[in-house]
Amino acid sequence: MNYKLVDMKVFGDERGKLVSLEGGKNVPFEIKRVYYIFDTLPEQARGMHAHKNMEQIIVAMDGSCQFVLDDGNKQEKIWLNSPDKGLYIGKNMWREMRHFSYGCKLMVLASDYYDEKEYIRNYDEFLKEVNNDSSSI
Ligand code: TYD
(Lines give C-alpha, C1' and ligand atoms only; values in the text may rest on other atoms or scores of the structure.)
Protein backbone atom coordinates (compact mmCIF):
# COMPACT_ATOMS: atom_id res chain seq x y z
CA MET A 1 0.00 0.00 0.00
CA ASN A 2 1.52 3.24 -1.13
CA TYR A 3 0.49 5.44 1.80
CA LYS A 4 1.78 6.32 5.25
CA LEU A 5 0.40 8.15 8.26
CA VAL A 6 3.20 10.37 9.55
CA ASP A 7 3.55 11.99 12.99
CA MET A 8 4.80 15.47 12.32
CA LYS A 9 7.18 17.37 14.54
CA VAL A 10 5.23 19.85 16.65
CA PHE A 11 6.80 22.99 18.10
CA GLY A 12 4.65 23.78 21.10
CA ASP A 13 4.80 26.14 24.05
CA GLU A 14 2.36 28.06 26.21
CA ARG A 15 1.30 30.12 23.15
CA GLY A 16 0.11 27.13 21.12
CA LYS A 17 1.52 24.75 18.55
CA LEU A 18 3.20 25.00 15.17
CA VAL A 19 4.05 22.48 12.43
CA SER A 20 6.39 23.34 9.56
CA LEU A 21 6.25 21.48 6.24
CA GLU A 22 9.14 21.89 3.79
CA GLY A 23 9.22 20.47 0.28
CA GLY A 24 12.05 17.98 -0.23
CA LYS A 25 12.73 17.87 3.53
CA ASN A 26 9.98 16.53 5.80
CA VAL A 27 7.66 16.47 2.76
CA PRO A 28 9.17 13.85 0.41
CA PHE A 29 8.56 15.87 -2.78
CA GLU A 30 8.73 19.45 -4.04
CA ILE A 31 5.40 21.13 -3.29
CA LYS A 32 3.87 22.56 -6.48
CA ARG A 33 0.32 23.07 -5.29
CA VAL A 34 -1.66 23.53 -2.10
CA TYR A 35 -5.43 23.23 -1.96
CA TYR A 36 -7.93 22.89 0.80
CA ILE A 37 -11.34 21.39 1.27
CA PHE A 38 -13.95 22.84 3.61
CA ASP A 39 -17.74 23.07 4.11
CA THR A 40 -17.88 19.28 3.83
CA LEU A 41 -20.86 17.22 5.00
CA PRO A 42 -20.91 13.86 6.83
CA GLU A 43 -23.08 12.14 4.21
CA GLN A 44 -21.16 13.47 1.19
CA ALA A 45 -18.14 11.37 0.25
CA ARG A 46 -15.39 12.82 -1.95
CA GLY A 47 -12.37 11.57 -3.79
CA MET A 48 -13.12 8.27 -5.57
CA HIS A 49 -10.11 8.61 -7.79
CA ALA A 50 -6.42 7.75 -8.08
CA HIS A 51 -3.47 9.64 -9.52
CA LYS A 52 -1.14 8.17 -12.11
CA ASN A 53 1.87 10.12 -10.88
CA MET A 54 0.99 12.60 -8.21
CA GLU A 55 1.97 12.37 -4.56
CA GLN A 56 0.15 14.19 -1.78
CA ILE A 57 0.29 14.95 1.92
CA ILE A 58 -3.09 15.56 3.51
CA VAL A 59 -3.64 17.19 6.88
CA ALA A 60 -6.93 17.51 8.76
CA MET A 61 -6.46 21.10 9.96
CA ASP A 62 -9.74 20.89 11.85
CA GLY A 63 -12.18 18.05 12.48
CA SER A 64 -11.88 14.54 11.14
CA CYS A 65 -12.74 12.23 8.28
CA GLN A 66 -12.14 8.67 7.24
CA PHE A 67 -9.97 7.69 4.27
CA VAL A 68 -10.57 4.44 2.44
CA LEU A 69 -7.34 3.55 0.64
CA ASP A 70 -7.19 0.89 -2.01
CA ASP A 71 -4.22 -0.33 -4.06
CA GLY A 72 -6.32 -2.59 -6.29
CA ASN A 73 -5.62 -5.64 -4.12
CA LYS A 74 -6.57 -4.58 -0.64
CA GLN A 75 -8.42 -1.83 1.15
CA GLU A 76 -7.52 -0.10 4.40
CA LYS A 77 -9.44 2.51 6.37
CA ILE A 78 -7.82 5.17 8.47
CA TRP A 79 -9.04 8.22 10.35
CA LEU A 80 -7.39 11.58 9.87
CA ASN A 81 -8.24 13.60 12.96
CA SER A 82 -5.33 15.76 14.08
CA PRO A 83 -3.32 18.64 12.59
CA ASP A 84 -0.12 16.93 13.79
CA LYS A 85 -0.65 13.94 11.47
CA GLY A 86 0.10 13.95 7.76
CA LEU A 87 -1.29 11.31 5.44
CA TYR A 88 1.13 10.65 2.58
CA ILE A 89 -0.55 9.06 -0.46
CA GLY A 90 1.63 8.01 -3.38
CA LYS A 91 0.68 7.24 -6.95
CA ASN A 92 -1.83 4.58 -8.02
CA MET A 93 -3.83 4.61 -4.82
CA TRP A 94 -7.62 4.80 -5.03
CA ARG A 95 -8.98 6.98 -2.22
CA GLU A 96 -12.34 7.91 -0.84
CA MET A 97 -12.87 10.46 1.92
CA ARG A 98 -16.06 10.09 3.95
CA HIS A 99 -17.68 10.55 7.37
CA PHE A 100 -16.55 14.16 7.51
CA SER A 101 -17.19 15.88 10.82
CA TYR A 102 -19.04 19.19 10.46
CA GLY A 103 -16.50 21.91 9.79
CA CYS A 104 -13.75 19.47 8.82
CA LYS A 105 -11.00 21.21 6.88
CA LEU A 106 -8.42 19.30 4.88
CA MET A 107 -5.25 20.86 3.54
CA VAL A 108 -3.54 19.05 0.67
CA LEU A 109 0.06 19.50 -0.47
CA ALA A 110 0.61 18.11 -3.96
CA SER A 111 3.72 17.26 -5.96
CA ASP A 112 2.29 18.70 -9.18
CA TYR A 113 -0.10 21.19 -10.71
CA TYR A 114 -3.72 20.26 -11.29
CA ASP A 115 -4.11 18.16 -14.43
CA GLU A 116 -7.38 16.33 -15.01
CA LYS A 117 -5.64 13.98 -17.50
CA GLU A 118 -3.55 12.63 -14.66
CA TYR A 119 -6.63 11.46 -12.69
CA ILE A 120 -8.17 8.00 -12.88
CA ARG A 121 -11.83 8.44 -11.95
CA ASN A 122 -13.16 5.08 -13.05
CA TYR A 123 -12.52 2.16 -10.70
CA ASP A 124 -12.34 -0.48 -13.46
CA GLU A 125 -9.83 1.66 -15.32
CA PHE A 126 -7.84 1.95 -12.07
CA LEU A 127 -7.74 -1.85 -11.71
CA LYS A 128 -6.51 -2.16 -15.29
CA GLU A 129 -3.83 0.47 -14.67
CA VAL A 130 -2.45 -1.20 -11.50
CA ASN A 131 -2.55 -4.68 -13.03
CA ASN A 132 -0.69 -3.48 -16.12
CA ASP A 133 1.85 -1.87 -13.83
CA SER A 134 2.72 -5.11 -12.04
CA SER A 135 2.64 -7.28 -15.20
CA SER A 136 5.09 -4.94 -16.96
CA ILE A 137 7.88 -5.55 -14.41
P1 TYD B 1 -12.61 16.88 -7.16
O2 TYD B 1 -11.47 16.15 -7.78
O3 TYD B 1 -13.99 16.42 -7.52
O4 TYD B 1 -12.46 16.91 -5.57
P5 TYD B 1 -12.30 15.66 -4.55
O6 TYD B 1 -11.02 14.98 -4.87
O7 TYD B 1 -12.27 16.29 -3.19
O8 TYD B 1 -13.47 14.77 -4.71
O9 TYD B 1 -12.46 18.42 -7.52
C10 TYD B 1 -13.55 19.32 -7.46
C11 TYD B 1 -13.42 20.33 -8.59
O12 TYD B 1 -12.29 21.17 -8.40
C13 TYD B 1 -13.26 19.66 -9.95
O14 TYD B 1 -14.05 20.39 -10.90
C15 TYD B 1 -11.80 19.85 -10.28
C16 TYD B 1 -11.44 21.14 -9.56
N17 TYD B 1 -10.05 21.22 -9.09
C18 TYD B 1 -9.22 22.18 -9.64
O19 TYD B 1 -9.59 22.94 -10.54
N20 TYD B 1 -7.95 22.28 -9.16
C21 TYD B 1 -7.48 21.48 -8.19
O22 TYD B 1 -6.29 21.61 -7.77
C23 TYD B 1 -8.34 20.45 -7.65
C24 TYD B 1 -7.86 19.51 -6.58
C25 TYD B 1 -9.63 20.38 -8.12
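The present account deals with the structure reproduced in this document. (Residues numbered from 1 in each chain as written. Predicted model: local features only at pLDDT ≥ 70, side-chain atom pairs only at ≥ 80, totals over all residues. Heavy atoms only, no water.)

Some words on the environment of Glu 43
What counts is decided by this rule: Helix numbers and strand numbers start at the N terminus; a helix is a DSSP run of H or I with at least 4 residues, a strand a run of E with at least 2. Exposure is judged per residue with a 1.4 Å probe applied to protein chains only, and the accessible area is read against the type maximum: over 50% gives exposed, under 20% gives buried, and values in between give partly exposed.
Assignment of secondary structure puts Glu 43 in the loop between β4 (33–37) and β5 (46–51). Here Glu 43 falls in the exposed class, since its relative accessible area comes to 58%. Residues Glu 43 and Arg 98 lie 55 residues apart in sequence; the distance between their C-alpha atoms is 7.3 Å.

Brief notes about the sheet that holds strand β8 (residues 75–80)
Rules: Any two strands between which DSSP finds at least two bridges are classified as paired.
A sheet is described by the order of its strands in space; here 5 strands give the open sequence β8-β7-β10-β5-β12, paired in antiparallel fashion. Each end of this open sheet is capped by a strand with a single partner; those strands are β8 and β12 (119–120). Sheet topology places strand β7 (residues 65–70) next to β8; 6 bridges connect them, and they run antiparallel. Paired with Phe 67 across the bridge in β8 is Ile 78.

Quick word on the sheet that holds strand β11 (residues 105–110)
Inclusion rule: Under this scheme, a helix contributes an axis fitted over its contacting stretch, all axes are lines through C-alpha atoms, and angles between N-to-C directions fall in the 0 to 180 degree range.
Pairing is antiparallel across the open sheet formed by 5 strands, whose spatial order is β1-β9-β6-β11-β4. Each edge of the sheet is formed by a strand with only one pairing partner; in this case those strands are β1 (3–7) and β4. Each strand of the sheet is rotated relative to its neighbour by a mean of 20 degrees, with strand direction disregarded. Across 5 bridges, β4 lies against β11 in antiparallel orientation. Along β11, the bridge assignment pairs Val 34 with Leu 109.

Let's talk about the side chain of Glu 118
Put simply, the rule is: In this tally Asp and Glu are treated as negative and Lys and Arg as positive; neither His nor the chain ends contributes. What counts as a salt bridge is simple: a side-chain nitrogen of Lys or Arg found within 4 Å of a carboxyl oxygen of Asp or Glu. Note on contacts: a residue pair is in contact if any heavy atoms of the two residues lie within 4.5 Å.
Inspection of the secondary structure puts Glu 118 in the loop between β11 and β12. Although Glu 118 lies buried, it forms no salt bridge, and the closest oppositely charged side chain, Arg 33, sits 6.2 Å away as judged by the N-O distance. Leaving out residues up to four positions away in the same chain, Glu 118 has contacts with Ala 50, His 51, Lys 52, Asn 53 and Met 54.

Topic: the nonpolar core
Formally: In this text, buried Ala, Val, Leu, Ile, Met, Phe, Trp, Tyr and Cys residues form a nonpolar core when linked through side-chain atoms within 4.5 Å.
Counting residues in each nonpolar core, the largest one holds 17 residues, and the members touching the most others are Ile 58, Phe 67, Leu 69, Leu 87 and Leu 106. Elements that contribute at least two residues to this core include exactly β6 (56–62), β7, β8, β9 (85–89) and β11. For this core, the leading source of residues is β7, giving 3 residues. Those residues in contact with Leu 106 that lie beyond four places of it in its chain are Tyr 35, Tyr 36, Ile 37, Ile 58, Val 59, Ala 60, Cys 65, Phe 67, Met 97 and Phe 100. Listed in part, the 8 residues of the second largest apolar core include Phe 29, Ile 57, Val 59 and Leu 109.

A closer look at the site of the ligand
Condition: One heavy atom suffices: a residue is near a molecule or strand as soon as one of its heavy atoms comes within 4 Å of it. Here a polar contact is recorded for every N or O atom pair within 3.5 Å, except that within protein the pair must consist of a potential hydrogen donor and a potential acceptor, and residues adjacent in sequence are included only if both atoms are side-chain atoms. Where accessible areas are quoted, they stem from the Shrake-Rupley method and a 1.4 Å probe; at the residue level, only the protein chains shown are allowed to cover. Side-chain classes follow a simple rule in which Ala, Val, Leu, Ile, Met, Phe, Trp, Tyr, Cys and Pro form the nonpolar group, Asp, Glu, Lys and Arg form the charged group, and the remainder, Gly included, forms the polar group.
If you check the shell around the ligand, you find Arg 33, Tyr 35, Ile 37, Arg 46, Gly 47, His 49, Met 97, Tyr 114, Tyr 119 and Arg 121 and nothing else. At 2.8 Å from an oxygen atom of the ligand is found a main-chain nitrogen or oxygen belonging to Gly 47. If the ligand stood free it would expose 540 Å²; the protein chains cover 60% of that surface. Partitioned by chemical class, the residues of the shell around the ligand number 5 nonpolar, 2 polar and 3 charged.

Section: the packing of aromatic side chains
In plain terms, the rule: Only Phe, Tyr and Trp rings are paired, with Trp represented by its six-membered ring, and only when their centres lie within 6.5 Å; those with planes under 30 degrees apart are stacked, over 60 edge-to-face, the remainder tilted.
Per the counting criterion, the structure on display carries 5 aromatic pairs. Each ring, one from Tyr 36 and one from Phe 38, has its centre 5.9 Å from the other, and the planes form 35 degrees; the classification is tilted. Through pairs of rings, three or more aromatic residues link up here, namely Trp 94, Tyr 123 and Phe 126.

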